[in-house]
Structure formats: C-alpha cells, structure tokens
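# Descriptive structure summary
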Amino acid sequence: MASLQHLPSIHQTSFLNASNKKPGVVTCSRRGASFLVRAEQTISPRADVTGRRQTLVLGTIGTCFSLLNPISAAFAAESKKAGFMGVQDKKDGYEFLYPFGWQEVSVEGLDKVVKDVIEPLESASVTLIATTKQDIRDLGPPKEIAEALINKVLSPPSEKTKLIDATEREVDGKAYYTLEFVAQAPNYTRHALAAVCIGNGKFYTFTTGANQRRWEKMKDKLHTVVDSFKIFEIQEGAILPPSIN
C-alpha cells in the first residue's frame, strides 16, 4: 500500500462566516480575482436610457454568476430540479451538487468550499494532491484507506474519530471509496461523509457533513451530495499540486 503520510492536513470542520454584503452590491470572485457589480436604479427622464442601463446591469450580473458556476446546461437543470446547486470545475476535472442556499467561501489549502452560513458545520469541500497512482484501489481496500484518512488527514489530532462505514462504488468505470465517520471535538461532534478517488494524475478528496445534532435532518441531502461527486477527464498539461507517490 502506498503511504499517505505526506498528504496535507485537511481540517474541514469549521469555516469563517461569510461577510455581510452591502445592499445592491453583488460580489463575484474566481481564482483569487474579484469584482463588484452595483445594481442600482438611475432616475432619468428618458425611459429608454434607463431600460438599457438596467439591462446592462442585469446582463453583467448574469455573466458574474456564469463565471462562478461554469456548469453545463444539463447539469444545471438536474441540480435545480432536485433543489440543489451545481459546481463543475473544468480546470481540475470534477463536479458535485450542494443544497440550495449554501455559499462558496475561500479556505486556504482547499480547492473549493461551499457551506451554510448559519450552520457552518454543514459544508462540502474538495482537496487535490498529485499522485502517480492510477486507481484508488492501488492504495489499498476501503477500510484501510478510510482509517488512514480520518486519522491523519480529515481531522486534527485534537479530535476523536470513529469510522462508521467504508464502501466502494464504480461510476463510469472509475472507482470511488465512500466513507462515513464521526469526529468529536471539545465543543461539537460532526457527522461526515467523504468520497475519494484518483484520476487526471490527482488524488481527490471530497467531504461533506453536519453537526451530529442535525444529522437525522440532513443525512438524506448529504448522501445526495457525496454521491454526486464525480471526476472527468481534463486536458493534459494542467498545473498539478505537489505530488505524492
């Protein structure tokens, strides 16, 4: 079995609350770049000028959200129908669904994070690390990989963890391990689900979860979220994160 000791620590159990937005301002960001679109009405004696101005503003806002979630029309339709939003990252080759109302936030060390701003333990995140392995099964069986991940990667040393289940599934010929575990900290207990797989020369870790007290209410949605995670082939020559063997 390949060693996991060099995997980066990914403590995903708490995130900063999203900052309050000013009325009439939409903040958009992608890959470190951000800009503001101000949606304000302008009083003008010429209705046609006002109409064109409002159309321009709405069009700019639409472009902004298109940049945030560059997902296919089919994937978007599927997510909205089910009450979920979709993320499709064409650069890194993955997609997943998350409950409507969660917001994207930036967390150092994680490729993508979306969360509920009221219940911060309800979140989903993606991490990437390069690898020379071709298949998640090359690293070992599900339970063995699960124990190593939850003890060394998915939770800090201060938390007590318990593996509940570890299974294997196959989607479009690609193997995924799905993990269910509980991480207990001094002031909360998080019930989590994770999906791990290998493709595009990368080790993908996708994690979602909720506070234990809300698990029964959220578990069906979170199972939908973890099962929606899927990777797809990307173009060669992309810049990869630091690698492990």
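These figures come from a predicted structure and were not determined experimentally. (Residues numbered from 1 in each chain as written. Predicted model: local features only at pLDDT ≥ 70, side-chain atom pairs only at ≥ 80, totals over all residues. Heavy atoms only, no water.)

## Remarks on the overall build of the protein chain
Of the regular secondary structure elements, the protein chain holds four helices and 13 strands. Relative to all contacts within the protein chain whose residues are 6 or more apart in sequence, the contacts with residues 24 or more apart total 55%. Summed over its atoms, the accessible surface of the protein chain is roughly 13,500 Å², and 52% of this surface lies on carbon and sulfur atoms. (Helix = DSSP H or I, 4+ residues; strand = E, 2+ residues; numbered from the N terminus. Contact = heavy atoms within 4.5 Å. Areas by Shrake-Rupley, 256 points an atom, 1.4 Å probe, with all protein chains shown as cover.)

## Some thoughts on the pattern of salt bridges
One pass over the full model with this rule turns up 10 salt bridges. The shortest N-O distance in the salt bridge between R137 and E168 comes to 3.2 Å. Here R137 is found in the loop between β7 (123–131) and α3 (142–152), whereas its partner E168 is found in strand β8 (residues 160–171), with 31 residues between them in sequence. Residue classification places E168 among the partly exposed residues on the basis of a relative accessible area of 39%. For D172, the salt bridge identified is with K230, shortest N-O distance 2.7 Å. Of this pair, D172 sits in the loop between β8 and β9 (174–185) while K230 sits in strand β12 (residues 230–231), and the two are 58 residues apart along the sequence. Several salt bridges share partner residues, and in doing so they unite D135, R137, E168 and E170 into one network. (Salt bridge = Lys/Arg side-chain N within 4 Å of Asp/Glu carboxyl O. Buried < 20%, exposed > 50% of the residue type's maximum accessible area, 1.4 Å probe, protein only.)

## Some remarks on the sheet that holds strand β3 (residues 84–89)
Whether parallel or antiparallel, the strands of a sheet pair through hydrogen bonds between backbone atoms. Pairing in this open sheet of three strands is antiparallel, and the strands run β3-β4-β12 from one edge to the other. Each edge of the open sheet carries a strand with a single partner, namely β3 and β12. Bridging between β3 and strand β4 (residues 94–99) involves six bridges; their strand directions are antiparallel. Bridged to D89 within β4 is Y94. Sitting on the sheet, helix α4 (residues 215–228) touches β3, β4 and β12, and the angle it makes with β4 is about 170 degrees. (Pairing = 2+ DSSP bridges. Axes fitted to C-alpha atoms, helices over the stretch in contact; angles between N-to-C directions.)

## Considerations on the nonpolar core
Core analysis: the largest hydrophobic core is formed by 25 residues, its most contacted members being Y94, F96, F206 and F229. Elements that contribute at least two residues to this core include exactly β3, β4, β7, β10 (188–199), β11 (202–211) and α4. Among the elements that line this core, the one with the most residues is α4, at five residues. Among the nonpolar cores identified, the runner-up in size contains 20 residues, and A146, I150, L163 and L179 belong to it. (Core = buried A, V, L, I, M, F, W, Y, C linked by side-chain atoms within 4.5 Å.)

## Thoughts on unusual backbone geometry
A negative phi angle characterises most non-glycine residues, just as the trans form characterises most peptide bonds. A positive phi angle, near 55 degrees, is found at D172, a position not held by glycine. Non-glycine residue N200 carries a positive phi angle of around 55 degrees. Here N200 falls in the partly exposed class, since its relative accessible area comes to 24%.

## Some details on the pairing of β4
Here β4 lies mainly inside the structure; six of its six residues are buried. Both faces of β4 are covered, namely the face carrying Y94, F96 and Y98 and the face carrying E95, L97 and P99. What sits between β3 and β4 in their antiparallel hairpin is a turn of four residues, with G93 showing a positive phi close to 80 degrees. Sheet analysis places β4 next to β12, joined by two bridges and oriented antiparallel. Bridge assignment links E95 to a residue of β12, and that residue is K230.

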